[in-house]
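# A closer look at the structure
Listed below are the residues making up each chain.
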Amino acid sequence: MVELQHTPLFELHGELGAKMVEFAGYSMPVQYPLGVMKEHLHCRAEAGLFDVSHMGQVVLRGADAAARLESLLPQDVIGLKEGRQRYGFFTNDDGGIEDDLMFANRGDHMLLVVNAACKDADVQRLKAGLEPDVSVELLVDRALLALQGPEAAAALAALNPEVAEMRFMDVLTVDLAGAECWVSRSGYTGEDGYEISVPSEAAEVLARALLSDERVEPIGLGARDSLRLEAGLCLYGHDIDDATTPVEAALTWGIQKVRRAGGDREGNFPGAPVVLGELAKGAARKRVGLAPEGRAPMREGVELFASEEGGEAVGRVTSGAFGPTLGRPMAMGYVPADLSAEGTTLYGDVRGKRLPVTVAKLPFVAANFKR
């Protein structure tokens with residue numbers, strides 16, 4: 001048995017009564033005494049605090065860091081202004097997504113936040129592609145917190161009013177509870193909010209300061225999953241992976257014009273011929289929202305069929321849960337392009353019985369970002 005790693009807030013989670021589970025090699029809180037349903041609804045109504053310290057924070061330093069990073073992913077890195085952040089993904093030679101990430105221009109360096117399960121592979125990919133001209137450092141002395149919800153700005157501004165003026169995807173260095181923090185106005189719930197990189201030794205003090213606000217409750221992985229699914233956001237290793245292209249995954253909004261056909265810096269990233277070809281002609285399959293009938297969720301792995309009886313499976317559910325905000329089940333999955341139109345009826349095989357499910361518009365719950 002491999003010993004699970006702990007985040008700097010591990011002891012605080014125990015004090016708060018969290019139920020801990022293994023996730024990406026870490027012992028992480030899946031829920032607190034409030035329970036997943038109430039945690040989810042509290043985040044939608046007020047503000048929730050998430051420990052996401054298991055994710056990888058990577059610093060790139062070098063005069064050509066932006067240009068070199070741009071050779072590894074299909075996003076506009078060179079054009080990203082200082083103090084701004086962008087969503088991106090590493091691709092492989094087949095156009096598959098090796099990981100999705102956030103990257104920020106912090107002036108004298110680039111800061112990347114990558115998925116926990118992929119961070120070691122990502123660091124090796126970055127070192128192979130960028131060193132020695134650009135240094136690659138996986139930070140081990142910083143925690144990462146996410147404060148999400150309509151009251152997040154007010155709660156964080158109580159510690160430093162500067163954060164209230166930030167726009168969606170802004171990045172700023174501010175003092176919070178006595179520590180220098182790197183704050184981005186972003187998150188993965190569809191709500192307004194912030195992600196806060198804080199020195200490990202100051203993480204608990206900051207978390208306690210935020211939790212002392214009556215608007216803020218601790219939120220676990222259970223509610224984080226249902227929140228991101230309502231927001232139509234992909235979970236790496238489930239909705240996207242190294243065999244899924246950005247076009248199939250309906251993530252083409254994340255590829256800026258300058259990197260597309262006819263753009264000033266067209267292509268020149270792994271898998272560009274595949275990705276640009278699918279951008280031009282379409283992909284054979286597509287990630288879609290799915291609305292099952294009734295109250296029972298269709299979970300990951302449920303096979304999808306075009307008819308109620310007979311025939312081969314045409315697709316598969318990749319994420320499924322009950323949506324507390326929606327008051328009904330929701331799912332995402334992949335279906336053939338010709339069956340991806342909103343309103344199309346399919347059938348999911350649940351324990352040997354085919355139940356109707358309708359292709360639905362994403363996101364299930366509209367985003368509330370501060371533009």
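Residues numbered from 1 in each chain as written. Predicted model: local features only at pLDDT ≥ 70, side-chain atom pairs only at ≥ 80, totals over all residues. Heavy atoms only, no water.

### Comments concerning the environment of Ala 283
Put simply, the rule is: Per the convention used, a helix needs a DSSP run of H or I reaching at least four residues, while a strand needs a run of E reaching at least two, with both numbered from the N terminus. For the exposure calls, accessible area comes from a 1.4 Å probe over protein chains only, and a residue counts as buried if that area is under 20% of its type's maximum, exposed if over 50%, partly exposed in between. Residues are treated as being in contact if the distance between any of their heavy atoms lies within 4.5 Å.
As for its position among the elements, Ala 283 is in the loop between helix H8 (272-281) and strand S14 (285-292). By relative accessible area, which is 16% here, Ala 283 ends up buried. Along the sequence, Ala 283 and Ala 250 sit 33 residues apart, while their C-alpha atoms lie 9.7 Å from each other. Leaving out residues up to four positions away in the same chain, Ala 283 has contacts with Val 247, Glu 248, Glu 278 and Ala 337.

### Quick look at the nonpolar core
Put simply, the rule is: Put simply, a nonpolar core is a bunch of buried Ala, Val, Leu, Ile, Met, Phe, Trp, Tyr and Cys residues held in one set by side-chain atoms that sit within 4.5 Å of each other.
Ranked by size, the top nonpolar core spans 28 residues in total, and within it Leu 147, Leu 156, Val 183, Tyr 194, Ile 196 and Val 198 carry the most contacts. Elements with a contribution of two residues or more to this core: strand S3 (47-51), strand S9 (142-148), helix H5 (152-157), strand S10 (171-176), strand S11 (179-184), strand S12 (193-199) and helix H6 (203-211). Looking at this core, the element that brings in the most residues is H5, giving 5 residues. Discounting chain neighbours no more than four positions away, the residues touching Ile 196 are Ala 143, Leu 144, Leu 145, Leu 156, Leu 176, Cys 181, Trp 182, Val 183, Leu 206 and Leu 210. Residues Ile 240, Ala 249, Leu 251 and Phe 269 belong to the second largest nonpolar core, which totals 20 residues.

### Thoughts on the sheet that holds strand S7 (residues 110-114)
Think of a sheet as strands paired side by side through backbone hydrogen bonds, with each pair either parallel or antiparallel. Filter applied, for reference: Only strands that DSSP links by at least two bridges are regarded as paired with each other. Axis definition: a line fitted to C-alpha atoms, over the contacting stretch in the case of helices. Angles run 0 to 180 degrees between N-to-C directions.
With respect to topology, 5 strands assemble into an open sheet ordered S5-S6-S7-S4-S8, the strand pairing being antiparallel. Two strands close off the open sheet at either side, each with one partner strand: strand S5 (84-91) and strand S8 (135-138). On average, adjacent strands in this sheet sit at an angle of 25 degrees to one another, irrespective of strand direction. The pairing of S5 with strand S6 (residues 97-105) spans 8 bridges and is antiparallel. Its bridge partner being in S6, Phe 89 is matched across the sheet by Asp 100. The strands touched by helix H4 (residues 119-130) are strand S4 (56-61), S5, S6, S7 and S8; relative to S8, the strand with the most contacts, the crossing angle is about 170 degrees.

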